[in-house]
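# Overview (structure and organization)
Chain residues, written in single-letter form:
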Amino acid sequence: MSIDFHASQNRSSYTGRLADKGWMDTMAQMANPVGKRVIDIGCGGGIYSAGWALSGAESVIGVDFSQVMLDAARENTAHLPQIAYHFGDARRTGLPAGSADIVFVRALIHHLDHLDGFLEEAYRLLAPGGICILQDRTMEDVIVPASAEHLRGYFFEAFPRLLKKEEKHRPSASKVQAGLKKAGFSPAPETQLWEIRKTYDSWGELERDLRNRTGRSILHELNDHELEELISLMRERLDSQLPIIEQDRWTIWRGVKG
C-alpha cells in the first residue's frame, strides 16, 4: 500500500537528516538564495526548508497538505526563526501572488496527476524574474543499477514490479520542460545531480532506516515479509562495505518567470 502522509506513525519519516552540502551548492548556483524569499512546496519534514534557510534565504515558507508533516517540520526546524509553515495544496497554496523569489519543489511532481495546475500556481507565487526549481526523478534516474552508493537500485532488483509503478508516475524530462514553457516560464536545460542522502557507519543503522521505511515512500509498497527479504539481500551485498555513503540521482529543472 502507498504511504499515508497524514498518518501519525509516519510523522518522523522525513526528518532526521540534513540537506547535503552538494545539494546546497547546486541550489546556490541555480538561484542565489541570499536575501531571497523562498517557498518550499511539499516541504515534508522541513529538511530542505532548513537547507534554504541555512543558505542565506531571508525567509522560507514550507507548504504541505499534511498537518502531521507540518507539525514534524516545525519541531525539526524550531531553531531557524526565518522559517514558517503553511497548510495548503500544491495547486492552491492560498499564499499571496508575487510573494516569492524562489519556488522550490522536491520529490513532489511525480505524485501529481497533472502538472499544469501546479506550475500555474508556482508562476503566480513568483515575483517577476523569480525562479522555479523542480527536483524529481525520471525513469532514467530510477533505473541506475544497484550499488553501495545507489541503494535504491536494490529495491527494483529485488522487486521488479516496483518499476511498473514508477513508470506510471515518473515524469519525463521533455514533459516537464513543455509544462514550464506552457505555464509562462523560460526553461533552462535540465541537469542531473547525485545527491548524498546519508552516510551509514554501521549496517544496523541502515537496517533500522529500511525497516522503518524512513524517507522512502516506495518501501510502503512492500509488505513486511517482502521488506525483510529486501533487507536480507542488501545485508548480504553491503555488510562488508562500510561506511555506506548513499546517493540518489535526480533531475533538476529550472524556469524563470518573465
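Residues numbered from 1 in each chain as written. Predicted model: local features only at pLDDT ≥ 70, side-chain atom pairs only at ≥ 80, totals over all residues. Heavy atoms only, no water.

## Things to note about the environment of proline 145
Its place among the elements puts proline 145 in the loop between helix H5 (139-142) and helix H6 (152-158). When the C-alpha atoms of proline 145 and phenylalanine 156 are compared, they prove to be 9.0 Å apart, with 11 residues separating the residues in sequence. (Helix = DSSP H or I, 4+ residues; strand = E, 2+ residues; numbered from the N terminus.)

## Some points on the environment of proline 171
When you line up the elements, proline 171 lands in the loop between helix H7 (161-169) and helix H8 (173-183). Assessed through its relative accessible area of 9%, proline 171 is described here as buried. Along the primary structure proline 171 and isoleucine 83 are separated by 88 residues, whereas in three dimensions their C-alpha atoms are 29 Å apart. Residue contacts for proline 171: discarding those within four places in its chain leaves Ile109, His110, Arg137, Thr138, Val176 and Trp253. (Buried < 20%, exposed > 50% of the residue type's maximum accessible area, 1.4 Å probe, protein only. Contact = heavy atoms within 4.5 Å.)

## Focus on the packing of helix H4 (residues 116-125) against H8
At a minimum axis distance of 9 Å, the contact between H4 and H8 shows a crossing angle of 50°. By the angle between their directions, the pair H4 and H8 is classed as oblique. H4 and H8 meet at a crossing whose hand is right-handed. Across the interface between the two elements, Asp116, Leu119, Glu120 and Tyr123 of H4 pack against Gly179, Leu180, Lys182 and Ala183 of H8. Broken down by class, the residue content of the contact of H4 with H8 amounts to four nonpolar, one polar and three charged. (Axes fitted to C-alpha atoms, helices over the stretch in contact; angles between N-to-C directions. Parallel < 35°, antiparallel > 145°, perpendicular 65-115°, else oblique. Left-handed = near helix turned anticlockwise from the far one by under 90°. Nonpolar A, V, L, I, M, F, W, Y, C, P; charged D, E, K, R; others polar.)

## Section: unusual backbone geometry
Along the chain, leucine 242 connects to proline 243 via a cis peptide bond; the corresponding omega equals -10°. Positive phi is not limited to glycine here, since alanine 107 has a value of about 55°. Mapped onto the elements of the fold, alanine 107 is located in the loop between strand E4 (100-106) and H4. Judged by relative accessible area, which is 23%, alanine 107 ranks as partly exposed.

## Points about the state of the cysteines
Under the defined criterion, the tally for this structure stands at zero disulfides. With no disulfide of its own, cysteine 43 lies 16 Å from the sulfur of cysteine 132, the closest cysteine sulfur. With relative accessibility at 7%, the residue cysteine 43 sits in the buried group. (Disulfide = S-S within 2.5 Å.)

## Some details on the pattern of salt bridges
Considering all chains together, one arrives at 22 salt bridges under this definition. Across the pair aspartate 101 and arginine 37 runs a salt bridge, and its minimum N-O distance is 3.1 Å. Of the two residues, aspartate 101 sits in strand E4 while arginine 37 sits in strand E1 (residues 37-41), which places them 64 residues apart along the sequence. Exposure remark for arginine 37: the relative accessible area of 27% places this residue in the partly exposed category. A salt bridge links arginine 152 to aspartate 248; the shortest N-O distance between them is 3.7 Å. With a gap of 96 residues between them, arginine 152 in helix H6 and aspartate 248 in strand E8 (residues 244-257) connect regions that are remote in the sequence. In this structure, a network of salt bridges that share partners links the residues Glu207, Arg211, Glu228 and Arg235. (Salt bridge = Lys/Arg side-chain N within 4 Å of Asp/Glu carboxyl O.)

## What about the packing of helix H9 (residues 203-211) against helix H10 (residues 224-238)?
Viewed as axis vectors pointing N to C, H9 and H10 meet at an angle of 155°, and their least axial separation amounts to 10 Å. By the criterion of interaxial angle, the relationship of H9 to H10 is roughly antiparallel. Helix-helix and strand crossings are classified by hand; for H9 and H10 the assignment is right-handed. Contacts from Trp203, Leu206, Glu207, Leu210 and Arg211 in H9 reach Leu227, Glu228, Ile231, Met234, Arg235 and Leu238 in H10. For the contact of H9 with H10, a count of residues per class yields seven nonpolar, no polar and four charged.

## What to know about the packing of aromatic side chains
For the structure on display, the rule yields six aromatic pairs. When the ring of tryptophan 23 is compared with that of tryptophan 52, the centres are 5.6 Å apart and the planes differ by 80°; the resulting orientation is edge-to-face. Residue tryptophan 23 is located in helix H1 (residues 21-30), and its partner tryptophan 52 is located in helix H2 (residues 47-54); the two are separated by 29 residues in the primary sequence. Judged by its relative accessible area of 1%, tryptophan 23 falls in the buried class. With 5.1 Å between their ring centres and 80° between their planes, tyrosine 123 and phenylalanine 185 make a pair best called edge-to-face. Of this pair, tyrosine 123 sits in helix H4 while phenylalanine 185 sits in strand E6 (residues 185-187), placing them 62 residues apart in sequence. Directly above the ring of tryptophan 250 sits arginine 137, whose terminal nitrogen or CZ lies 3.9 Å from the centroid. Above the plane of the ring of tyrosine 123 lies lysine 257, whose end atom (NZ or CZ) is 4.6 Å from the centre. (Phe/Tyr/Trp six-rings, centres within 6.5 Å; stacked < 30°, edge-to-face > 60°. Lys NZ or Arg CZ within 6 Å of the ring centre and 35° of its normal.)

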